[in-house]
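Analysis of the macromolecular model
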Amino acid sequence: MVEHYGEWAFDNPKFLILNLAVGGAYPFKTNGVEEPYNGLPASTVDLIKEGKAEVLVDWVLITQKNKQN
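These remarks concern the structure in this document. (Residues numbered from 1 in each chain as written. Predicted model: local features only at pLDDT ≥ 70, side-chain atom pairs only at ≥ 80, totals over all residues. Heavy atoms only, no water.)

Description of the overall build of the protein chain
If you tally the helices and strands in the protein chain, you get three helices and zero strands. Order of helices (α) and strands (β) in the protein chain, N terminus to C terminus: α-α-α. Across the 69 residues of the protein chain, 6% fall into the buried class. For the protein chain, the exposed area adds up to about 7200 Å²; of that, 55% sits on carbon and sulfur atoms. (Helix = DSSP H or I, 4+ residues; strand = E, 2+ residues; numbered from the N terminus. Buried < 20%, exposed > 50% of the residue type's maximum accessible area, 1.4 Å probe, protein only. Areas by Shrake-Rupley, 256 points an atom, 1.4 Å probe, with all protein chains shown as cover.)

Quick look at the pattern of salt bridges
This model, assessed by the stated rule, comprises one salt bridge. Glutamate 50 serves as the salt-bridge partner of lysine 52, at 3.7 Å between the closest nitrogen and oxygen. By the burial criterion, lysine 52 is exposed, and glutamate 50 matches it. (Salt bridge = Lys/Arg side-chain N within 4 Å of Asp/Glu carboxyl O.)

Some remarks on a nonpolar patch on the surface
A contiguous nonpolar patch, built from Leu16, Leu18, Leu20, Val55, Val57, Val60 and Ile62 and spanning about 700 Å² of accessible area, is present on the exposed surface. Relative to the helices and strands, leucine 20 is located in the loop between helix 1 (2–5) and helix 2 (28–31). Leucine 20 gets classed as exposed once you look at its relative accessible area, which sits at 57%. (Patch = residues over 30% accessible without salt bridge, like charges linked within 9 Å, V, L, I, M, F, W, Y side chains within 5 Å.)

Shown next, in the form of structure tokens:
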């Protein structure tokens with residue numbers, strides 16, 4: 001069927017991007033830190049500037065909705 005319809009859209013590598021976006025009311029509403037940035041203590045800002053900040057992900061669950069006819 002590939003010869004007739006072309007390659008299937010899912011026959012290639014996929015990538016999952018996990019983004020830890022902070023901002024708005026988080027994490028300020030949780031930790032109350034105001035300096036140097038809302039919610040980010042100086043030690044965290046320093047790690048980010050040095051390129052040493054890490055996000056460790058334990059697991060990711062990917063699901064698919066059932067198709068409804």
